[in-house]
Amino acid sequence: MANNPQIMQILLFGGIFVVFYFFMIRPQQKKAKDAKKFIDELKTGDKVVTIGGVHGTVVSIREKTLVVEIDSSKGVRVVFEKSAISKDASSRLTEE
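The structure presented is a predicted model; accordingly, all values stated were derived computationally and were not measured. (Residues numbered from 1 in each chain as written. Predicted model: local features only at pLDDT ≥ 70, side-chain atom pairs only at ≥ 80, totals over all residues. Heavy atoms only, no water.)

With the rule as written, the count across this model stands at one aromatic pair. With a centroid separation of 5.2 Å and 85° between ring planes, the pair formed by Tyr 21 and Phe 22 is classed as edge-to-face. The class of Tyr 21 is partly exposed, set by a relative accessible area of 28%. In this structure Phe 22 comes out as partly exposed when scored by relative accessible area, which is 45%. (Phe/Tyr/Trp six-rings, centres within 6.5 Å; stacked < 30°, edge-to-face > 60°. Buried < 20%, exposed > 50% of the residue type's maximum accessible area, 1.4 Å probe, protein only.)

Rendered as structure tokens:
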């Protein structure tokens, strides 16, 4: 019976790790995987929002960067790193 408290302590730490994994680590990994998939699937014409809040339309895609047109009436285009693209904004830009 002397080993029983040690086994319980190991099980407690194991349980804490499992809970930590499923509530903290796994969701972050899934979120990162989804973000990478979104960036890899970007194509010309997609409406996007950058991490800085700039809304625009993808004009061209390069290896690590892409060109986003932020004002179509004046032809204003800006080059962004792919990692600076936050999310799809198709529904937002059509509503304005």
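This part covers the nonpolar core. Leu 42, Val 48, Val 58, Leu 66, Val 68, Phe 80, Ala 84 and Ile 85 form the largest nonpolar core, which has eight residues in total. If we skip the residues at most four places from it in the chain, Val 58 touches Lys 43, Thr 44, Gly 45, Asp 46, Val 48, Leu 66, Val 67 and Val 68. (Core = buried A, V, L, I, M, F, W, Y, C linked by side-chain atoms within 4.5 Å. Contact = heavy atoms within 4.5 Å.)

Turning to the pairing of strand 1 (residues 47-50), a few remarks are in order. Where strand 1 lies against strand 2 (residues 55-61), three bridges are found, and the strand directions are antiparallel. Within the sheet, the bridge partner assigned to Val 48 lies in strand 2 and is Gly 56. The antiparallel pairing of strand 1 with strand 2 creates a hairpin that spans four residues between the two strands, and Gly 53 there sits at a positive phi of about 95°. In this structure, strand 1 lies alongside strand 5 (residues 85-88), joined through three bridges in antiparallel fashion. Counterpart to Val 48 in the pairing with strand 5 is Asp 88. (Pairing = 2+ DSSP bridges. Helix = DSSP H or I, 4+ residues; strand = E, 2+ residues; numbered from the N terminus.)

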